[in-house]
Amino acid sequence: MSLVRPRSLNAALSLIASDPTLMPIAGCTDVYVGLHFGTMAQKRFIDLWRLKELHGISVEKDVVRIGALSTYTEIIESTIVQKRVPMLVAASREVGGAQIQNRGTLGGNVANASPAGDTLPVLAAANARIVLRSKNGTRTVAFDSYYTGYRKSVRQPDELITAIEIPRLDGTQWWRKVGTRRAQAISKIMIGAVRGRDVRIAFGSVAPTVVLARKTAAVLSAGGSVADAQAALRTEIAPIDDVRSTSEYRARVAANLLAQFWKETA
Amino acid sequence: MARAVGSNVRRKDGDAKVTGAAKYIDDLTFPGMIYGATIRSTIPRGTIAARHISLPDGFVVADHQDIPGPNYVALIDPDQPCLAVDQIRHVAEPILLIGHADKHALIDVHKRVRIEERAATPNYDPEKSAICFKKIAIDKGQIDLGFRISDLVIDGEYRTGHQEQLYIETNGVIAVPGDGQMTVYGSLQCPYYVHKALVVLLKLPPDRVRVVQTETGGGFGGKEEYPSILACHAAILARKANRPVKMIYDRVEDLLATTKRHPSIVRHRTGLTRDGRITAMDIDVIMDGGAYATLSAVVLSRGVIHAAGPYRCDHVRIRGRAMMTHTPPNGAFRGFGAPQTQFAIEAHMDRIADQLGIDPVRLREINALRPGDTTATGQKLGKDASALPVLRDAVKRSKFAQKRKKWKGTNRGIGLSLFFHGSGFTGGGEVKLASKASLELTAHGAKILVASTEIGQGTRTMHAQIVADALGVPFDSIDVNEADTAFVPDSGPTVASRTCMIVGKLLERCALDMKKRLGKMTPAQYFKKHGSFTVTSQYEPPPGLLWDDNTYAGDAYGSYAWGCNVVELEVDPVTFEVTPLNVTAVAEIGKAIHPMMAIGQIEGGTAQGIGYALIEEVVMKDGRMANATLTNYIIPTPQDAAPMDIGIMESPYQHGPFGAKGVGEMPIDGPAPAVINALRNCGFDIRSIPATPERVMKAPRI
Amino acid sequence: MKLTVNGKLRNVKAHPMKRLLDVLREDCGLTGTKEGCGEGECGACTVLIDGVAVDSCIVPVAHAEGCRVITIEGATATKTGKALQNAFVVHGGAQCGICTPGMILAATPLEIGASLDEIKVALAGNLCRCTGYPAIFRSVESALKTPRRKSSRAGHL
């Protein structure tokens, strides 16, 4: 097992350009579980934890820019995020417990690409953009286009997520996570949503990737009933049975969450 | 001089624990020590066709051929092999032991060992099983007559699942071999159980085997019998390697391979008069024992004895059987059969109340056992029987009637349970154990020598309080020896809520004997003049206690503690999540030797009972625990903690030290049915636990 | 790799990916920090890195390099550590003790007067199986002098 520890972002980008098999690590809250139990196939890592360029939360021209290595604690404590993306604060508060929030990062949540990633429905509903950088340059990818399948994204092995950008959100933000318990819980189902001129609704833990429920949102935007929206939702999610819950529960609660969102943001 | 008993003296082990000085098994190392790992079966049933081991130098391997004595773990029945020979009866059955000086070399070791397994068809259904570990029949009166005189008959079937003890410190031992001897240090509850298993397995004389309990991070029954297996494994490997061997299970292995609470199916058929008096109780109890007998016979025993609940009834028939399935063996867990059967009777009582149109409190008042009544086994209760006092106190404290009325038709519910718990080993069990306790005079006081273990519940402190007061010396002048078989007599296991009532009583007698011998001298004076002496006391049953093992009738326990729980909860209509708003727990325990520690037992046991009711589930897939990580087997976090209101009542037991009964287990008997009854109150008909949101969602509405 | 542990500068020879938990217990001989799950779920391994609580079982020692680490053995150096330790003994927060080091360290970043809600947030990542939590709340409230109306004694409902 090896760990390379670049001192700057440029050094990091050079290293992964020459060796795209290096696995980036930051807060390690997921990586170390796999390592400890011997389920992690990867053995060669590149440490991003101390790269200052990847930290920091700022706002410019109404776009919130969150450095990829912003921890959940930093997000919770950021007055910028509290004011502009309160649903991201809400989601961050429900990640693990204090110890996990002090180490886990937003970039890590995106990179890990779990179907149950706590911030992903928020980023989908917020129409976020992922900033990717390689030795050769920078590009920005709309969150909606970022994932291509189960734990797969458009990120190339020689690219790092450097920041997540969230545009100005018009409307009321809403978030709810249904976990197995009130803290330290993997979600059974989550919803992140914005109700403004546009309606954007995203669900987590109901498909191989986070689901932006476009048809469902369109029904509501057009003035349709909650019942019709729930019917549309049924066609957009594909929940499964697993050790934590059942597809029937997830489907039914998704519909209930949709209704609760619509009612509470009226 | 201030009395120690009844006051919250400073815990003897507290300071070491809060400073990190307390040494648990994984904190210890020995010179030349190596680490051990276990290779286990991956199928639930079958045979071992071949073993292919390809390991480089540096590894030590041991199998059943390295066992000098008979290949079984001595407990009750000699049916559980220490290491499998050619039969596999459950997933994670231990087959080989591998040792290495570098513990990291063992992480992947199972990849270098290939066990060729031939699968056979497993059975997971206890009702379809052909192997019965134990059958028990209890009969009182004439059951047919009881039904003839009833106005109506109500049936019910109730189910409980596995529950994992989830001590935060996993199982671990270190075996240190010597010339014709073996010492094992470990996280354990019963040093003499481990001692016996090692003596048999290693074919060593008892005085050549030594077992030392290290500071133990929780047991709850999960370290009652299981450590014997682990100790045997480490000892075999230590013998083979001729080096000390440390074996600490990681959490996944501990969850997969060690014992759990027995799942149960309990069926009730109850005859009652129209005005709510029980005339007949016909109860059938099935416990799923897993693949080997372990303690199933005793779990079943306690289960059936408590199956009729704290109620009087002249005509009772109880039939119980513990059955084999091809799953990892189940074993001891706080409550030990009583949580299962009292879940059933208490859930059944509320269904009865609904059907009869009688208030659930009133139904209990009519039928609760009173002093002078006889239990299902025909035991006549003394004046310390407190079913009605605890019921009335809990109902009053929780404002039960008021809330029941106020919350009608809302998503809030309130439910109760009434329960009891016998302290000590059943029937003739304590006589058979013949426990001993010793007290040694020291230069400044006395030293307690017992095999009872401190596992968090406060053993050291509570025993020292009893001895200090009986001897008439300050609490601080009493020391407690480590539970080390080289120095302490066999006081029996630290289980069955007996550590205070039985062993504490022995120590009280030791202290009184010592006091007599000291005469007018203080311990310091006597010690200076004559040196030390040791007093030993052995268990004697209280006069008049009669039990018949053949008819399962008579005085099952010396004494019972009594409890009542009221649970207030709310069901989220969007997610069906159940939030306990408040739990009232009233316990009558004879005497609270250390009130704060007694409250600690009640709060802790209640929390475990709430977890049992709502979120703790062992998901079994093909005979294997599918959710074997702490991420997926969940217990409440501080954010889930149910607020609790605790009441302690004291109705002294004349043969308990200072009147004390047992307290450790009873608190876990009540919460689950109180939760189910609260859910019933807000409209959900649920008859099995855990009542997860998924099940609440699908429950029939009433 | 140099890190300060409980105020003492340590030079540790360990693989940078070695778990901080193992470095503390093995290389530094500080066995007060415990392992309960190995997956960052139970908090028994909680230590402070530069004043911030983390699960040391999922932190590479490389991330503690140049930092100030506090374990239970150094808890008296924090503002509230000593009070918390005593409170856990006196108010029943410690039964078997295995979760106690992590619990105490998770509580040390709290301010004097912290409310029950703030206490629950700080301890949400620490599991206890013995106490059911009320005694832990009472212990922390006592150590932090939580005013009664904000405490677990404030009454429910």
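Residues numbered from 1 in each chain as written. Chains lettered and ligands numbered in written order. Predicted model: local features only at pLDDT ≥ 70, side-chain atom pairs only at ≥ 80, totals over all residues.

Caption draft 1: Highlighting the overall build of chain C. The helix and strand tally for chain C stands at five helices and five strands. Its helices and strands in sequence order give chain C the pattern β-β-α-β-β-β-α-α-α-α, from N to C terminus. Scaling as 2.2 N^0.38, a compact globule of 157 residues should have a C-alpha radius of gyration of about 15 Å, and chain C matches this with 16 Å. Expressed as lengths along the three principal axes of its C-alpha atoms, the size of chain C is roughly 55 × 25 × 20 Å. Evaluated residue by residue, chain C yields a buried proportion of 66% over its 157 residues. A sequence separation of at least 24 residues applies to 60% of the contacts in chain C between residues at least 6 apart. (Helix = DSSP H or I, 4+ residues; strand = E, 2+ residues; numbered from the N terminus. Rg over C-alpha atoms; globule rule 2.2 N^0.38 Å. Buried ≥ 20, exposed ≤ 12 C-beta atoms within 10 Å, placed from the backbone. Contact = placed C-beta atoms within 7 Å.)

Caption draft 2: Region of the structure containing the overall build of chain B. What chain B contains, in helices and strands, is 17 helices and 28 strands. Against the 2.2 N^0.38 benchmark of 27 Å for 702 residues, chain B shows a C-alpha radius of gyration of 25 Å, consistent with a compact globule. C-alpha atoms of chain B, sized along the principal axes, occupy 75 × 75 × 50 Å. Taking all 702 residues of chain B together, 62% fall into the buried category.

Caption draft 3: The arrangement of the confidence of the model for chain C in detail. In the predicted model, chain C carries a mean pLDDT of 96, and 98% of its residues have values of at least 70. Of the two predicted TM-score estimates for the complex, the pTM is 0.98 and the ipTM is 0.98. (pLDDT = per-residue confidence, 0-100.)

Caption draft 4: Structural context of the interface of chain C and chain B. Contacts between chain C and chain B engage 40 residues on the former and 43 residues on the latter. At the level of secondary structure, the elements contributing two or more residues to the side of chain C that touches chain B comprise helix 2 (81-90), helix 3 (100-107), helix 4 (116-123) and helix 5 (134-144) of chain C. The biggest single contributor to the side of chain C that touches chain B is helix 2 of chain C, with four residues. Looking at the side of chain C that touches chain B, its residues break down into 21 nonpolar, 14 polar and five charged. (Nonpolar A, V, L, I, M, F, W, Y, C, P; charged D, E, K, R; others polar.)

Caption draft 5: Structural view of the nonpolar core. All names here are of chain B. Core analysis: the largest hydrophobic core is formed by 365 residues, its most contacted members being A234, V467 and V675. Element by element, the count of residues in this core is highest for helix 4 (residues 226-241), at eleven residues. Residues within four places of V467 in sequence aside, it is in contact with L439, A446, I448, I478, L507 and A511. (Core = buried A, V, L, I, M, F, W, Y, C linked by C-beta atoms within 7 Å.)

Caption draft 6: Molecular detail of helix 13 (residues 499-518) of chain B. Taking 1.5 Å of rise per residue, the 20 residues of helix 13 of chain B would be expected to cover 28 Å, and the 26 Å separating its terminal C-alpha atoms lies within 8% of that figure. Taken across its 20 residues, helix 13 of chain B has 15 buried, putting it largely inside the fold. (Expected span 1.5 Å × (residues − 1).)

Caption draft 7: Focus on the sheet that holds strand 16 (residues 412-423) of chain B. All names here are of chain B. One open sheet accounts for four strands, arranged 16-23-24-27; its pairing is mixed. Across the chains shown, the open sheet's two edge strands, defined by having one partner strand only, are strand 16 and strand 27 (644-649). Taking each pair of neighbouring strands and ignoring which way they run, the sheet shows an average axis angle of 15°. The pairing of strand 23 (residues 559-571) with strand 24 (residues 578-588) spans ten bridges and is antiparallel. (Pairing = 2+ DSSP bridges. Axes fitted to C-alpha atoms, helices over the stretch in contact; angles between N-to-C directions.)

Caption draft 8: Geometry of the domain arrangement of chain B. Residues and elements named next belong to chain B. The domain boundaries assigned to chain B delineate domain 1 (14-23 + 429-538), domain 2 (31-122 + 166-257) and domain 3 (264-427 + 552-698). Each of domain 2 and domain 3 has a C-alpha centre, and these two points are 35 Å apart. With 24 residues of domain 2 in contact, the opposing surface of domain 3 contributes 25 residues. Here the element with the most residues in the side of domain 2 that touches domain 3 is helix 5 (residues 251-257); it accounts for five residues. (Domains from an automatic or database assignment.)

Caption draft 9: Broad picture of the interface of chain A and chain B. Contact with chain A, which involves 19 residues of that partner, is made by 19 residues of chain B. Here the side of chain A that touches chain B is composed, by residue class, of eight nonpolar, seven polar and four charged.

Caption draft 10: Broad picture of the domain arrangement of chain C. Residues and elements named next belong to chain C. Looking at chain C, the domain boundaries give domain 1 (2-74) and domain 2 (78-154). On a C-alpha basis, the centroid separation for the pair domain 1 and domain 2 is 22 Å. No other element matches strand 3 (residues 46-49), which puts three residues into the side of domain 1 that touches domain 2. Of the residues assigned to the side of domain 1 that touches domain 2, the class counts are eight nonpolar, six polar and one charged.

Caption draft 11: Main features of the sheet that holds strand 11 (residues 172-179) of chain A. All names here are of chain A. Here four strands make up an open sheet; going across it, the order is 11-12-13-14 and the pairing antiparallel. Here the strands that pair on one side only, and so sit at the sheet edges, are strand 11 and strand 14 (211-212). In this sheet, strand 14 lies alongside strand 13 (residues 199-204) in antiparallel orientation, the contact comprising two bridges. Following the sheet pairing, A202 is matched in strand 14 by L212. Lying over the sheet, helix 12 (residues 247-264) contacts strand 11, strand 12 (187-195) and strand 13, oriented at roughly 30° with respect to strand 12.

Caption draft 12: Structural detail: unusual backbone geometry. Residue P690 of chain B is reached from I689 of chain B by a cis peptide bond, and omega for that bond is 10°. Within the secondary structure, P690 of chain B is located in the loop between strand 28 (688-689) and helix 17 (693-698). The backbone of D62 of chain A shows a phi angle near 70°, a positive value even though the residue is not glycine. In this fold, D62 of chain A is placed in the loop between strand 4 (57-60) and strand 5 (63-67). Backbone geometry at F576 of chain B places phi at a positive 65°, although glycine is not the residue there. Checked against the element boundaries, F576 of chain B lands in the loop between strand 23 and strand 24. Overall, the presence of 22 C-beta atoms within 10 Å leaves F576 of chain B in the buried class.

Caption draft 13: Structural context of the environment of E253 of chain B. Counting through the fold element by element, E253 of chain B comes out in helix 5. Each C-alpha atom, one on E253 of chain B and one on V567 of chain B, is 35 Å from the other, the two residues being 314 residues apart in sequence.

Caption draft 14: A look at the packing of helix 3 (residues 191-202) of chain B against helix 4 of chain B. All names here are of chain B. The interhelical angle for the contact between helix 3 and helix 4, taken along N-to-C directions, is 40°, at an axis separation of 9 Å. Accordingly, the angle class assigned to the pair helix 3 and helix 4 is oblique. In terms of crossing hand, the pair formed by helix 3 and helix 4 is right-handed. Contact with helix 3, carried on its side by Y193, V194, A197, L198, L201 and L202, involves P227, S228, A231, C232 and A235 of helix 4 and no other residues of that element. Along the lines of polarity and charge, the residues of the contact of helix 3 with helix 4 split into ten nonpolar, one polar and no charged. (Parallel < 35°, antiparallel > 145°, perpendicular 65-115°, else oblique. Left-handed = near helix turned anticlockwise from the far one by under 90°.)

Caption draft 15: Structural context of the packing of helix 12 (residues 459-471) of chain B against helix 13 of chain B. Residues and elements named next belong to chain B. It is the contact of helix 12 with helix 13, at a shortest axis distance of 8 Å, that shows an interaxial angle of 35°. The way helix 12 lies across helix 13 gives a crossing that is right-handed. Contacts between helix 12 and helix 13 involve T459, M462, H463, I466, V467, A470 and L471 from the first element and T499, C500, G504, L507, E508, A511, L512, M514 and K515 from the second.

Caption draft 16: Layout of the pairing of strand 23 of chain B. Residues and elements named next belong to chain B. The buried fraction of strand 23 amounts to twelve of the 13 residues, a majority that puts the element mostly inside the structure. The pairing of strand 16 with strand 23 spans twelve bridges and is antiparallel. Bridge pairing links G422 to Y560 in strand 23.

Caption draft 17: Structural detail: the environment of P20 of chain A. Residues and elements named next belong to chain A. Here P20 shows up in the loop between helix 1 (9-18) and strand 2 (23-25). For P20, a count of 12 C-beta atoms within 10 Å translates into the label exposed. When sequence neighbours within four positions are dropped, the list of residues in contact with P20 reads P157 and D158.

Caption draft 18: View of the environment of V91 of chain B. In this fold, V91 of chain B is placed in the loop between strand 4 (87-88) and strand 5 (94-100). Once you skip the residues sitting within four places of it in the chain, V91 of chain B turns out to touch S41, T42, I43, P44, P328, G623 and R624 of chain B.

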